[in-house]
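Examination of the molecular architecture
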Amino acid sequence: MISFELSEEQQIVRSTMAEFGRSVLAPQARRLDTDSRIDDGALAALWSTGIIQAQAGDEEAGSRSPVTNAIILEEIGAADATVAIAMASTMGFVQAIADQGSAGQRAGLLGHFTGATFQAAAVAMMEPRFGFDVSKFATVAARSGDDFIVRGTKAMVPLASRCSHFLVVAEADGAADAFIVPRDAAGVTIAQPKGALGLRALELAEVGFDHVKVPASMRLGEGNGSDIQRIIDSARVGISAVLAGLSRGVMDYVIPYTKERVVHGAPLAQKQAVAFNIADMHIDVEAMRWLNWRAAWELETRLPATKTAQLAYTYAGAQAMRIADDGLQAFGGHGFVKAHPLELWYRNARALSVLEGAAGV
Amino acid sequence: MVDFSLTEADRRLVALAHRENEIGRKYARERDRDSENEPSRVRGIHPDVADLESPHDALEREKDGTSGLVIAEALMDMVSATDVNLRDTGEDAFGTWMLNDYGSKEQKAKYGHLRLAIAITEPSAGSDPANMRTNARYDPVTDEYVLNGEKVFISFFNKFDGAVTLMKGEPDGKGKTPFMTFMVTKDMPGVAEIPQFKKLGIRSHELSGFHLQDVRVPAIARLDADFGKTMSKFNHNRPLVAAHALAGARSMLDFTHAKLAEAGLKVDYAKGRSARGANEDRLVRMEALWEAAWGTVMRAKWLEHEMGSESHGYRVEASVAKALGGKVVRQITQGCLEILGPEALSEEYLAEKWFRDARIADIYEGAGEIQRILIARALLGYKNELN
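Being a predicted model, the structure only gives us computed values, none of them experimental.

Residues and elements named next belong to chain A. Within the secondary structure layout, Thr-189 lies in strand β7 (residues 188–190). Taking the C-beta count within 10 Å as the criterion, Thr-189 has 12 such neighbours and is therefore assigned exposed. Distance from Thr-189 to Asp-210, taken between C-alpha atoms, is 8.1 Å for residues 21 residues apart in sequence. Once residues lying within four places of it in the same chain are set aside, the contact partners of Thr-189 are Gly-208 and Asp-210.

Have a look at this one:
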């Protein structure tokens, strides 16, 4: 039965996260970008929400819900898309283990993500080459006795230097598969971040896997076969939720400014060229959100979600870029300088919308 | 709980609407060609569906099992391309609805047997009804009103008996002219019907209009209608306009997928954009537009279901659905024809018709610009500051 009704719990989570975003995350977003680092205090604040830890719990028991997570990621994304991905990246790792890990993998790993301090981990999906696509991985895992030997380089791994584990997506036996690799495994090298256009505080970095020996027990699902597409789908939904949030953040920032700024005798917002852009921002934020919820609902109810996840990601990516673009334009020169967050959001929108695998919902 | 599943009743109703649409499709080309020239040729219920339950009746019967009456109605509309209406039963006589809503007993007795359109638009007053020139002057000597003016783009006026007509009264002490509403029938001296408009698309949706030249009507012809309240039906109708247009765009997308599949291209939603060719990428983006618009229609209709159709609480969402639906069907139908290439220009297929039909969706029932003004006013806290 078609319904957009949020449960009482979802309403509480939504308003709590919105307040957290306003009071804690938004005020520090510029500093994190400038420092190109999320400091321990900021990570501790994220951890204190308990959201990442909840992903380690039992989905059947209601400990985690893709729809609820989509709502959360929109709220956090509205304040700072960078920290939203910092959370969502680790969520993606934990969810993959909780969803698809063997009993041994769950028992061995999930406990790492329920402790007192922030623990990062990431799905290592993207690779450092132009034209990279999730349908083809250059990273390979070759059988060697009971083990796998993983070779390749992964790119744009969020918080790479802080990760305890990577879930490395690689070609194995002719198909994409995933391998759990501790950061201190022999042959793993984490490169220095090179700096990036956007999401700078994530310290996006390359991670090299030089003949890393991975026991078969660390193949995701231990040979029962893993569903890489589900990890990709979940990431696309997660990213689209953050993009919806980012877009809403832009709109909420543009509205008061354009009402105050007087040009040729009238506020900017009274000019149709500006007002219509604002209307379009609202239209697209709404449309993004409902498409995103629908994809999250398909994930939650275990329906085939690949198509809707792709569409939510495609739509949000295109519209968020346009909204950030129009938002910056509305501020004119003020949008181009760092006194306002428009230039930051503009960079983040482009960066976010081309990521794959860097979030979980 | 957030839920996007359809109930069994929703599914049955959608299937019924879809079947009706499929049955009608074989008449689509003929209606497109002939309706503006031989409008009176087909009336009543088409023999092909005479023995089948009407989807509209089924909706009434099954409403309790649906996600909500207005939600199911929109779901059905989203599979009902505006190709052919096989049931011309007078449900589109909206003026008759107004008479039933606002007429006195005497008025219903006098005009109730007639099928009446609604006449609002004028050549120089479309989205801006305050600009209308059609007027009524009271003649106390005869207790009659004298009507003058011109109305255009009146749906199905050619087949109806008249129209409930909105116009301006005489200026009051402050120079303000109030809106007034009259029953105008074709047999009144001075009413001159104009020929059907020849249109880009939706040609089976017949449009005409009329001139009023010193038309004398008795006082009983004046309807004490609340047009503001009638306008509130816009909130109900706007997402449905989007829904209907989305049905046409859906037909176009399905046709495009099928024809490209025959040519060897099947869209793969799993892979990323770097692995997609140009046509495949455009199709993915157009599917995204369609689904995005679907969500806004459902959102508006769910709110309407929760709040009641008369509520103004979902008016912004109704405008969002209309604005986005109107926009995306333009983009989708234009884009599909470009991908399909020259063969799809042929009248052998309906693709070119869907392209023409879709274009009206961003114009009627409030143009896209009007929706954006309404949305922006709500967001900015403006009224007439934004025009």
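Don't stop here, the text continues.
Attention now goes to the nonpolar core. Among the nonpolar cores identified, the biggest contains 203 residues, and A:Ala122, A:Val168, A:Phe179, A:Val242, B:Leu246 and B:Ala293 are the most heavily contacted of them. The dominant element in this core, judged by the number of residues it contributes, is helix α8 (residues 272–300) of chain A, at 17 residues. Sequence-distant contacts of A:Ala122, that is, excluding residues within four places in its chain, are made with A:Ser89, A:Thr90, A:Phe93, A:Val157, A:Pro158, A:Leu159, A:Ala160, A:Cys163 and A:Phe166.

The subject of this paragraph is the domain arrangement of chain A. All names here are of chain A. Domains assigned within chain A are domain 1 (8–118), domain 2 (121–218) and domain 3 (228–352). The straight-line distance from the C-alpha centre of domain 2 to that of domain 3 is 30 Å. Opposite the ten residues of domain 2 that make contact, domain 3 presents eight residues. Residue classes in the side of domain 2 that touches domain 3 are distributed as eight nonpolar, one polar and one charged.

Turning next to helix α11 (residues 342–352) of chain A. Residue pairs three or four apart in sequence face the same way in an α-helix, which turns once every 3.6 residues. For α11(A), a buried count of eight out of eleven residues is recorded, marking the element as mostly surrounded by other parts of the structure. Regarding α11(A), the residues found buried are A:Leu342, A:Leu344, A:Trp345, A:Tyr346, A:Asn348, A:Ala349, A:Ala351 and A:Leu352.

A separate point is the packing of α8(A) against helix α9 (residues 306–331) of chain A. All names here are of chain A. Contact pair α8 / α9: the axes reach a minimum separation of 9 Å and the direction vectors enclose 155°. Here α8 is positioned roughly antiparallel relative to α9, judged by the angle of their axes. Relative to α9, the crossing made by α8 is left-handed. Together, Val-274, Asn-277, Met-281, Asp-284, Ala-287, Met-288, Leu-291, Asn-292, Arg-294, Ala-295 and Glu-298 of α8 and Thr-308, Ala-309, Leu-311, Ala-312, Tyr-315, Ala-316, Gln-319, Ile-323, Asp-326 and Ala-330 of α9 make up the contact between the two elements.

Once that is clear, we can look at the interface of chain B and chain A. In this complex, chain B contributes 37 residues to the contact, which on the side of chain A involves 40 residues. Those elements that provide at least two residues to the side of chain B that touches chain A are β1 (2–3), α8 (278–307), α9 (315–340) and α11 (368–380) of chain B. Top contributing element to the side of chain B that touches chain A by residue count: α8(B), with twelve residues. For the side of chain B that touches chain A, a count of residues per class yields 22 nonpolar, seven polar and eight charged. Pairing analysis gives two bridges linking strand β1 (residues 3–4) of chain A to β1(B), with the strands arranged antiparallel. For A:Phe4, the partnering residue across the bridge sits in β1(B) and is B:Val2.

Okay, the environment of A:Val24 next. Residue and element names in this part refer to chain A. In this structure, Val-24 sits in helix α1 (residues 8–35). Among the residues examined, Val-24 registers 18 C-beta atoms within 10 Å and is labelled partly exposed. Distance in space between the C-alpha atoms of Val-24 and Ala-42 is 8.6 Å, their sequence separation being 18 residues.

In this section: helix α1 (residues 8–25) of chain B. Residues and elements named next belong to chain B. For α1, which comprises 18 residues, the first-to-last C-alpha distance of 26 Å matches the rise-based estimate of 26 Å (1.5 Å per residue) to within 8%. For α1, the set of buried residues is Asp-10, Leu-13, Leu-16, Ala-17, Glu-20, Asn-21 and Gly-24. Projection of α1 onto a plane perpendicular to its axis shows the buried side chains occupying an angular sector of 135°, all on one side. For α1, the exposed residues set more than 90 degrees away from the buried face come down to Glu-8 and Glu-22. Residues of α1 that are buried make contact with α2 (28–34), α3 (55–62) and α4 (69–77).

Definitions and cut-offs
Here, residues in each chain are numbered from 1, in the same order as that chain's written sequence. Written order decides the labels, with chains lettered from A and ligands numbered from 1. Totals for whole chains, interfaces and linings use every residue, but because this is a predicted model, local features are given only for residues with pLDDT of at least 70 and side-chain atom pairs only at 80 or more, for both listing and counting. Runs of E in the DSSP output that reach at least two residues are strands. Runs of H or I that reach at least four are helices, and both are numbered from the N terminus. Partly exposed residues are those falling between the two cut-offs: more than 12 but fewer than 20 other C-beta atoms within 10 Å of their own, whereas 20 or more means buried and 12 or fewer means exposed, with C-beta atoms placed from the backbone. For the purpose of contact definition, each residue receives a C-beta atom placed from its backbone, and two residues are in contact when these atoms lie within 7 Å. Note on definitions: a nonpolar core is a set of buried residues drawn from Ala, Val, Leu, Ile, Met, Phe, Trp, Tyr and Cys, linked by C-beta atoms within 7 Å. Domain start and stop positions are those given by an automatic or database domain assignment. For this classification, the nonpolar set comprises Ala, Val, Leu, Ile, Met, Phe, Trp, Tyr, Cys and Pro, the charged set comprises Asp, Glu, Lys and Arg, and every other residue, Gly included, is treated as polar. Comment: axis = line fitted to C-alpha atoms, over the contacting stretch for helices; angle = value between 0 and 180 degrees taken between N-to-C directions. Just so you know how the angles are binned, under 35 degrees is roughly parallel, over 145 roughly antiparallel, 65 to 115 roughly perpendicular, and the rest oblique. Crossings are sorted by hand: turned counterclockwise from the far helix by less than a right angle, the near helix makes the crossing left-handed, and turned clockwise it makes it right-handed. Note: two strands are recorded as paired if DSSP finds a minimum of 2 bridges between them. Helix span, as expected, comes to 1.5 Å for every residue beyond the first. In this description, the arc belongs to the directions extending from the helix axis to the C-beta atoms.

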